[in-house]
Structures are given as C-alpha cells and as structure tokens.
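# A structural walkthrough
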Amino acid sequence: MKRIEAIIRPMKLDEVKIALGEIGVRGISVQDVRGTGRQGGQRERFRGADYIIDLPLKVKLEIIVRDEEVDEIVETILRHAHTGEPGDGKIFILPMSDAIRIRTSESGDDVL
C-alpha cells in the first residue's frame, strides 16, 4: 500500500476530485493547509498597496491506495492540478505498512 499526499491549488480541488472519482478513487481526505515552496509566497496589490502573502492557502489531499493504482492516480492529479504557473503544488508518495478498519478489524488491502 502507498499513501499519496498531494498539495494543490484550492481552485483545482473540484476538478481533481471529479477526475479521481472517474477513475474509481473513493477514499480521499482533504485538508486546508498553508505553505510555501520555492516561490516564497505571493505578492498582491490591494487599494494601491502591495502585500506579501508568505503562506498562501493550499489544499492537501491524502489517498491510501494499492501499489498498482499509484501511477494512474498520480497521472490524474498531475493532469488536472496543472496550471503551468509556480505554486501548482507537489505530490508525495509514501509507503504504508498497514491499515485497519475499526468497525470490523479487517487489515491490509481488504480495508481499501
């Protein structure tokens, strides 16, 4: 099993979520997060004054999947979260040692 964490722009959440649903992804956790990468934040202008937003709002998706599903899910996120501008986000893939369904105590791939 793998855990896919994707940090994307909030405006891309619906598009990514719909695309993942179309390929059969059912279990997703979504969190509002703030952070910055290489771009170092955003400069915005409001009523003639410049403001630096050093920790812009992002959305973090967490998906636990079988090993064989990783490539298709990553490709789907890449295709639908991409704008081509700095700040599009990142995808992290981490190993998962186990998962347990609380209601039935099932574990492993059966939980997914």
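Look up: the structure comes first, before these words.
Residues numbered from 1 in each chain as written. Predicted model: local features only at pLDDT ≥ 70, side-chain atom pairs only at ≥ 80, totals over all residues. Heavy atoms only, no water.

### Observations regarding the pattern of salt bridges
- Taken as a whole and judged by the stated rule, the model has eight salt bridges.
- Here R3 makes a salt bridge to E5, at a shortest N to O gap of 2.1 Å.
- We note a salt bridge from D14 to K17, for which the minimum N-O separation is 3.7 Å. On the criterion of helical spacing, the pair formed by D14 and K17 is a turn pair, its members being three residues apart in helix α1 (residues 13–22).
- On the accessibility criterion, D14 (48% relative accessible area) is partly exposed.
- Among the residues examined, K17 registers a relative accessible area of 45% and is labelled partly exposed.
- Three or more residues joined by partner-sharing salt bridges are found here, namely R3, E5, K60 and E62. (Salt bridge = Lys/Arg side-chain N within 4 Å of Asp/Glu carboxyl O. Helix = DSSP H or I, 4+ residues; strand = E, 2+ residues; numbered from the N terminus. Buried < 20%, exposed > 50% of the residue type's maximum accessible area, 1.4 Å probe, protein only.)

### Remarks on α1
- Considered for burial, the residues of α1 that qualify are L13, V16, A19 and L20. The buried residues of α1 occupy an angular sector of 140° when the element is viewed end-on, so they sit on one face. Those residues of α1 that are exposed and angled more than 90 degrees off the buried face are I18 and E22. (Arc of directions from axis to C-beta.)

### Here we look at the environment of E5
- You can see E5 is positioned in strand β1 (residues 2–8).
- For E5, a relative accessible area of 11% gives the class buried.
- Each C-alpha atom, one on E5 and one on V30, is 9.8 Å from the other, the two residues being 25 residues apart in sequence.
- When sequence neighbours within four positions are dropped, the list of residues in contact with E5 reads K60, L61, E62, K90, I91, F92 and L94. (Contact = heavy atoms within 4.5 Å.)

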